[in-house]
Amino acid sequence: GGLPLPLSLSQMAGEGGGAVTSKRILVTGGSGLVGRAIARVVSEGEGREDEDWIFLSSRDADLTSAEQTRAVFEKHRPTHVIHLAAMVGGLFRNMKYNLDFWRNNVHINDNVLHCAHELGVQKVVSCLSTCIFPDKTTYPIDETMIHNGPPHSSNFGYSYAKRMIDVQNRAYFQQYGCKFTAVIPTNVFGPHDNFNVEDGHVLPGLIHKAYLANKEGSSLTVWGSGEPRRQFIYSLDLARLFLWVLREYQEVEPIILSVGEEDEVSIRGAAESIVEAMAFKGELVYDATKSDGQFKKTASNKKLREYLPQFKFTPFKQ
């Protein structure tokens, strides 16, 4: 189900009709996990009367095409952009197609930022990923360490393409004074996730597997040892933080959006939480022949906490 796209939410955000919209906010990747979360948070009362929200999906424009990107920007004339669109995939797809992940994402990002600049967009907030951080690093990782060494070799194409957004944001600021910035969420999960067992991320993949194992009365196999640790952020929490970044955060420097280091969960712990939530009674098996990926990518949310000391994250088990 979900929302017809592109969708304008100005009507929902208050009385509509007479309200003058001073902000037209274009969200690329609007039909994905984070885009849907932002749409939901905006429509459930966090939107403001002076904001007109437009959510794009890949059906509205192929952002790897400069022409299609330009056309969709000219059609909607945004004053603000939240750039979520990307070619994404799980660990195993990334390992196979590093070149495709690099090229497609570099084209998408360059087209979006270039059109935003050319059409006078006031602010762009792009979405990076914690996989951009150096593979060999000290923990916790913070915003100053992005370019300190190569990313993990498994998905270097995607990681470098995402890093380049930061490079490009700094260059747009240096050359033209553009307010283009980026956020770095940790592992996002929530409604409208990609529940594909072969190629989803770890939580939706495990949820789907637990559902199937329940139905078939079989055991539940977790890929890898279960030992790696991750910080998971609920998509609706992330959506609220995106609104804050769009409206209040003034730095070009990226900001990590994450739960604290103390809320890191092992894959085993995550699997056990899913088993409990889905009342799965069978056996939990770990297939250690499958790759674990990075052991941990612990990120510091110290910078976020300096800005928003009171922000409440949804507890993982909940």
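It should be emphasised that the depicted structure is a prediction, and the values quoted were computed from it without experimental measurement.

Parameters at a glance
Residues numbered from 1 in each chain as written. Predicted model: local features only at pLDDT ≥ 70, side-chain atom pairs only at ≥ 80, totals over all residues. Heavy atoms only, no water. pLDDT = per-residue confidence, 0-100. Contact = heavy atoms within 4.5 Å. Phe/Tyr/Trp six-rings, centres within 6.5 Å; stacked < 30°, edge-to-face > 60°. Buried < 20%, exposed > 50% of the residue type's maximum accessible area, 1.4 Å probe, protein only. Lys NZ or Arg CZ within 6 Å of the ring centre and 35° of its normal. Axes fitted to C-alpha atoms, helices over the stretch in contact; angles between N-to-C directions. Helix = DSSP H or I, 4+ residues; strand = E, 2+ residues; numbered from the N terminus. Parallel < 35°, antiparallel > 145°, perpendicular 65-115°, else oblique. Left-handed = near helix turned anticlockwise from the far one by under 90°. Nonpolar A, V, L, I, M, F, W, Y, C, P; charged D, E, K, R; others polar. Disulfide = S-S within 2.5 Å. Pairing = 2+ DSSP bridges. Right-handed = clockwise from strand over helix to strand, strands pointing away. Core = buried A, V, L, I, M, F, W, Y, C linked by side-chain atoms within 4.5 Å. Expected span 1.5 Å × (residues − 1).

A. Broad picture of the confidence of the model for the protein. Per-residue pLDDT for the protein has a mean of 91; in total, 92% of the residues score no lower than 70. In the predicted structure, residues 10–17 sits below a pLDDT of 50 and forms 13 contacts with residues beyond four places in sequence or in another chain.

B. Quick look at the packing of aromatic side chains. Inspection of the entire model under this criterion finds 12 aromatic pairs. Measuring from centroid to centroid gives 6.0 Å for Trp53 and Phe55, while their planes differ by 15°, and the two rings are stacked. Each member of the pair, Trp53 as well as Phe55, is classed as buried. Taken together, the ring pairs in this structure connect Phe189, Phe232, Tyr234 and Phe316 into an aromatic cluster. If you follow Arg268 out to its NZ or CZ, it ends over the ring of Tyr286, 4.1 Å from the centre. Over the ring of Trp223 we find Lys290; its NZ or CZ atom is 5.0 Å from the centre of that ring.

C. Summary view of the packing of helix α4 (residues 98–118) against helix α5 (residues 156–176). Axis separation between α4 and α5 bottoms out at 8 Å; the angle between their running directions is 20°. Here α4 is positioned roughly parallel relative to α5, judged by the angle of their axes. Read as a crossing pair, α4 and α5 show a hand that is right-handed. Contacts from Asn98, Phe101, Trp102, Asn105, Val106, Asn109, Asp110, Leu113, His114 and His117 in α4 reach Phe156, Gly157, Tyr158, Tyr160, Ala161, Met164, Ile165, Gln168, Asn169, Tyr172 and Tyr176 in α5.

D. Quick look at the packing of helix α1 (residues 33–46) against helix α7 (residues 235–248). Running from amino to carboxyl end, α1 crosses α7 at an angle of 75°, the nearest separation of the two axes being 8 Å. Classed by the angle they form, the pair α1 and α7 counts as roughly perpendicular. Two secondary-structure elements touch here, α1 through Leu33, Val34, Ala37, Ile38, Arg40, Val41, Val42 and Glu46 and α7 through Ser235, Leu236, Leu238, Ala239, Arg240, Phe242, Leu243 and Arg247. Residues belonging to the contact of α1 with α7 are distributed by class as follows: 11 nonpolar, 1 polar and 4 charged.

E. Focus on the state of the cysteines. For the structure on display, the rule yields 0 disulfides. Here Cys115 is not disulfide-linked; the sulfur of Cys178 is the nearest cysteine sulfur, at 13 Å. The exposure class assigned to Cys115 is buried, which follows from its relative accessible area of 4%. Summary of cysteine pairing: Cys131 is not part of a disulfide, and the nearest cysteine sulfur, belonging to Cys127, is at 11 Å.

F. Summary view of the pairing of strand β2 (residues 23–28). Within β2, 5 of the 6 residues are buried, leaving the element largely enclosed by the surrounding structure. Taken together, the 5 bridges between β2 and strand β3 (residues 51–55) define a ladder with parallel strand orientation. Across the sheet, Lys23 pairs through a bridge with Glu51, a residue of β3. In this view, the connection linking β2 to its parallel neighbour β3 by way of α1 has right-handed handedness. In the sheet, β2 pairs with strand β4 (residues 80–83) via 4 bridges, with the strands oriented parallel. In the strand pairing of β4, Thr28 is matched with His83.

G. Structural context of the side chain of Asn169. With respect to the helices and strands, Asn169 occurs in helix α5. On the basis of relative accessible area, Asn169 is assigned to the buried category, the value being 0%. Look past the residues within four positions of Asn169 in its chain and what remains in contact with it is Leu113, Phe180, Thr181, Ala182 and Val252.

H. Examining the pairing of strand β8 (residues 220–223) more closely. The two faces of β8 differ: Leu220 and Val222 on one face are buried, but Thr221 and Trp223 on the other face are not. In terms of strand pairing, β8 meets strand β13 (residues 284–287) through 4 bridges, oriented parallel. Residue pairing in the sheet places Leu220 in a bridge with Leu284 of β13.

I. Region of interest: the nonpolar core. Ranked by internal contacts, the top residues of the largest apolar core, which has 35 residues, are Ile38, Trp53, Ile82 and Phe242. Of all the elements in the fold, those that place two or more residues in this core are β2, α1, β3, β5 (123–127), α7 and β11 (255–257). Ala61, Phe73, Cys178 and Phe180 belong to the second-largest nonpolar core, a separate cluster that totals 20 residues.

J. Representation of α4 in the model. Along its 21 residues, α4 runs 30 Å from first to last C-alpha, staying within 8% of the 30 Å computed at 1.5 Å per residue. Listing the buried residues of α4 in full gives Asn98, Phe101, Asn105, Ile108, Asn109, Asn111, Val112, Leu113, Cys115 and Ala116. Downstream of α4 by one or two residues, Gly120 has phi in the positive range, about 70°.

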